[in-house]
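Examining the three-dimensional arrangement
Read off the chains here:
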Amino acid sequence: MGISAPPSSDGPMVSPGSAPALIAGDPGADLYPQPPVDAAVTPQARQVAALGDVQHRIQYLENILARTRDDLARVQRGPDPVLQLLTSLTAGGDADASPFAVADSADVVDTATGRAVALSGAITSGQAELLRRRAEEARLRQEINRRVRTVPAVAAPARAVATVGGGRLRRPLSGRLTSRYGTRFDPYYHVWQLHPGVDLAAPIGTPIRAAADGRVSRAGWYGGYGNYTCIDHGRADGQRLSTCYGHQSKLMVSPGQRIRAGQVIGLVGSTGASTGPHLHFEVRLGGRPVDPLPWI
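Keep in mind that what you see is a predicted model, and the values were worked out from it rather than measured.

1. Comments concerning the overall build of the chain
Summing up its helical and strand segments, the chain has four helices and 14 strands in all. When the accessible surface of the chain is split by element, carbon and sulfur atoms take 56% of a total near 13700 Å².

Spelled out as structure tokens, the structure:
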């Protein structure tokens, strides 16, 4: 399991017990620290920024829908005989249809049946928007990923970004992919959150290698990321390119240090908001996360 941040750490960690209340107050809240981002002044940067906005809307909708479904389930367990009859009559029917569509009179709004009608309608509306937003996210991701293999990288802090295999970056370790990039039900906090990277399972102590040449911009504790390192690699796709590595058991570099591709920068661990040993690996453009898989 993850460990709590030490008192002198950089970035307090949200406790699992407080996460549901935070999300109840703001379904779009980020439970992990958010690194600063560059101004989105190019078409490419604006597209990446738009992707982040859509993903946070998806997170918001997923958390709202989860809460509304729970509210509806509680209402359905109530003693209202009309509601119980409607539920039994529509059981096993069309899963996409509202089981309360027949009870739409305004005079039942303050009853259990009326509340169920309102909640069911909210769920239907939320699901429709969620489908639209996920389609928009898929389109943006496809367009961003398509450019990865066509736009040359530009050297800035060190040499040009390394090109390895079909991608542009080295794989930081050979662990098994256990969680992909995108909005997911967070296994540590048990609420919906944007997962801004990929998880690669590996034993504690496995060496983590830099994905490319660069300069360390961050190395230390960072809230739910635990021990976290970020390396700037210059520019790619018109934006600042960086890779970040979370949940380490040991950091082996320091801010400002120049790094070579393949250099060991730390060891796999399970620090921060982690449920087991793995590396959380991110690729960021202008500080904003993008899918790492097309890059490695």
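2. Some points on the state of the cysteines
By definition, a disulfide is the covalent link that joins the sulfur atoms of two cysteine residues. Taken as a whole and judged by the stated rule, the model has one disulfide. Disulfide partner of C230: C244, at an S-S distance of 2.2 Å. Residues C230 and C244 are joined through a disulfide that is right-handed, its torsion about the S-S bond being 110°. Here C230 is found in strand 8 (residues 227-236), whereas its partner C244 is found in strand 9 (residues 239-248), with 14 residues between them in sequence. For the residue pair C230 and C244, the accessibility class agrees, reading buried in each case.

3. What to know about the environment of T183
Positionally, T183 belongs in strand 3 (residues 182-185). Take T183: its relative accessible area is 12%, and that puts it in the buried class. Not counting residues within four places of it along the chain, the set of residues in contact with T183 comprises Q55, I58, Q59, R134, W192, Q193, L194 and H195.

4. Let's talk about the packing of aromatic side chains
The full count for this structure, using the stated rule, is eight aromatic pairs. Taking 5.0 Å as the distance between ring centres and 85° as the angle between the ring planes, the aromatic pair formed by Y188 and Y189 counts as edge-to-face. Grouping residues by exposure puts Y188 and Y189 together as buried. Between Y225 and Y228 the ring centres are 4.3 Å apart and the planes differ by 20°, which places this aromatic pair in the stacked class.

So, how was this worked out
Residues numbered from 1 in each chain as written. Predicted model: local features only at pLDDT ≥ 70, side-chain atom pairs only at ≥ 80, totals over all residues. Heavy atoms only, no water. Helix = DSSP H or I, 4+ residues; strand = E, 2+ residues; numbered from the N terminus. Areas by Shrake-Rupley, 256 points an atom, 1.4 Å probe, with all protein chains shown as cover. Disulfide = S-S within 2.5 Å. Buried < 20%, exposed > 50% of the residue type's maximum accessible area, 1.4 Å probe, protein only. Contact = heavy atoms within 4.5 Å. Phe/Tyr/Trp six-rings, centres within 6.5 Å; stacked < 30°, edge-to-face > 60°.

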